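Each chain, letter by letter, is given below.
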Amino acid sequence: FISRSLVGETGNVIGIDFTPEMISKAKSNNDKLEYKNVKFHLGEIEQIPLDNSVADVVVSNCVLNLVPDKSKAFSEIYRILKPAAHFCVSDIVLIGTLPEKLQKSAEVYAGCVAGALQQDEYLDTIRNAGFINVEIKKTKTIQLPDSLLRDYLSEQETIDFKNSDMGIYSITVVGYKS
């Protein structure tokens, strides 16, 4: 519905979700709003239920890091985009290896860490799908609370972790279909 506000009356918006409950809820909300140019499809991002070269833009918010086959997901995004079209996604990535003691607790705290790739691997996955001009537009550090760090790391390990580039990051990435 946010995308609908950007495309107005003349554009089209297609929402995809893999849960029937979310599709049902979205369709119900759309019926109330009476948007004629918003549609919803049940499907998975690794097998998007759309034809080739139909989309001008694909957006996603913290979904791809949860997908088991990220290469397939980005290949599908590439497939449905029109030539010279682009995607813009926000996702969770890692830089460096989190201290082993911290990994499981960070997964619980940040929720999406379990499927997160190293940032360079994530960007390589996008480029390997065929995208060009791949660029990180925004980076935000996901701060783990001191109380969580103290539960799993010694005082020195906490200091070392906080002074390193290692960590969990939310990034917004744009890439273009050639």
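Residues numbered from 1 in each chain as written. Predicted model: local features only at pLDDT ≥ 70, side-chain atom pairs only at ≥ 80, totals over all residues. Heavy atoms only, no water.

Student: Mind laying out the overall build of the protein, listing which residues take part and the relevant values?
Tutor: Summing up its helical and strand segments, the protein has seven helices and seven strands in all. Counting helices and strands in the order they occur from the N terminus, the protein gives α-β-α-β-β-α-β-α-β-α-β-α-α-β. Dimensions along the principal axes, computed over C-alpha positions, put the protein at roughly 60 × 35 × 25 Å. The proportion of buried residues among the 178 residues of the protein is 38%. For the protein, contacts bridging at least 24 residues in sequence account for 80% of all contacts bridging at least 6. Across the protein, the centroid of the 19 positively charged side chains sits 7 Å from that of the 24 negatively charged ones. (Helix = DSSP H or I, 4+ residues; strand = E, 2+ residues; numbered from the N terminus. Buried < 20%, exposed > 50% of the residue type's maximum accessible area, 1.4 Å probe, protein only. Contact = heavy atoms within 4.5 Å. Lys, Arg positive; Asp, Glu negative; His and termini not counted. Charge placed at Lys NZ, Arg CZ, Asp CG, Glu CD.)

Student: Describe the environment of Asn30, naming the residues involved and giving the relevant values.
Tutor: If you trace the backbone, Asn30 turns up in helix α2 (residues 20-33). Separated by 130 residues in sequence, Asn30 and Asp160 have C-alpha atoms that sit 50 Å apart. Setting aside residues up to four positions removed in sequence, Asn30 forms contacts with Phe1, Tyr35, Val38 and Phe40.

Student: Give a detailed account of unusual backbone geometry, specifying residues and quantitative values.
Tutor: Leaving glycine out, the prevailing phi sign among residues is negative, and the prevailing peptide bond configuration is trans. For Ser53, which is not glycine, the phi torsion reads 50° and is therefore positive. Assignment of secondary structure puts Ser53 in the loop between β2 (38-42) and β3 (55-61). Residue Ser53 is classed as partly exposed on the basis of its relative accessible area of 33%. At Cys62, a residue that is not glycine, the phi angle is positive and equals roughly 55°. Position of Cys62 relative to the elements: it lies in the loop between β3 and α3 (70-80). The partly exposed category is assigned to Cys62, whose relative accessible area is 23%.

Student: Please set out the packing of α3 against helix α5 (residues 119-128) residue by residue, giving values where relevant.
Tutor: Between α3 and α5, whose axes approach to 8 Å, the crossing angle comes to 40°. Viewed along their axes, α3 and α5 adopt a mutual orientation that is oblique. Between α3 and α5 the crossing geometry is right-handed. Seen from α3, the contacting residues are Lys70, Ser71 and Phe74; seen from α5, they are Tyr122, Thr125 and Ile126. (Axes fitted to C-alpha atoms, helices over the stretch in contact; angles between N-to-C directions. Parallel < 35°, antiparallel > 145°, perpendicular 65-115°, else oblique. Left-handed = near helix turned anticlockwise from the far one by under 90°.)

Student: Tell me about α2, and name the residues and values.
Tutor: Over its 14 residues, α2 runs 20 Å from end to end, which matches the ideal 20 Å to within 8%, given 1.5 Å per residue. Listed in full, the buried residues belonging to α2 are Ile23, Ala26 and Asn30. Looking down the long axis of α2, one finds its buried residues gathered within 65° of arc, a one-sided arrangement. Facing away from the buried surface of α2 by more than 90 degrees, the exposed residues are Glu21, Lys25, Asp31 and Lys32. Residues of α2 that are buried in the fold lie against β1 (13-17) and β2. Looking one or two residues past α2, Glu34 carries a phi angle of roughly 60°, positive in sign. (Expected span 1.5 Å × (residues − 1). Arc of directions from axis to C-beta.)

Student: Let's hear about the nonpolar core: which residues, and what values?
Tutor: Considering soluble globular proteins, one finds that nonpolar side chains tend to be buried as a cluster. Counting 26 residues, the largest nonpolar core has Phe74, Ile77, Phe87, Tyr122, Ile126, Phe131 and Val173 as the members making the most contacts within it. Elements represented by at least two residues in this core include exactly β3, α3, β4 (81-95), α5 and β7 (167-176). Non-local contacts of Phe74, meaning those with residues more than four positions away in its chain, are made with Leu64, Phe87, Tyr122, Thr125, Ile126, Ala129 and Phe131. Ranked by size, the runner-up nonpolar core spans twelve residues in total, among them Leu94, Leu102, Val113 and Ile168. (Core = buried A, V, L, I, M, F, W, Y, C linked by side-chain atoms within 4.5 Å.)

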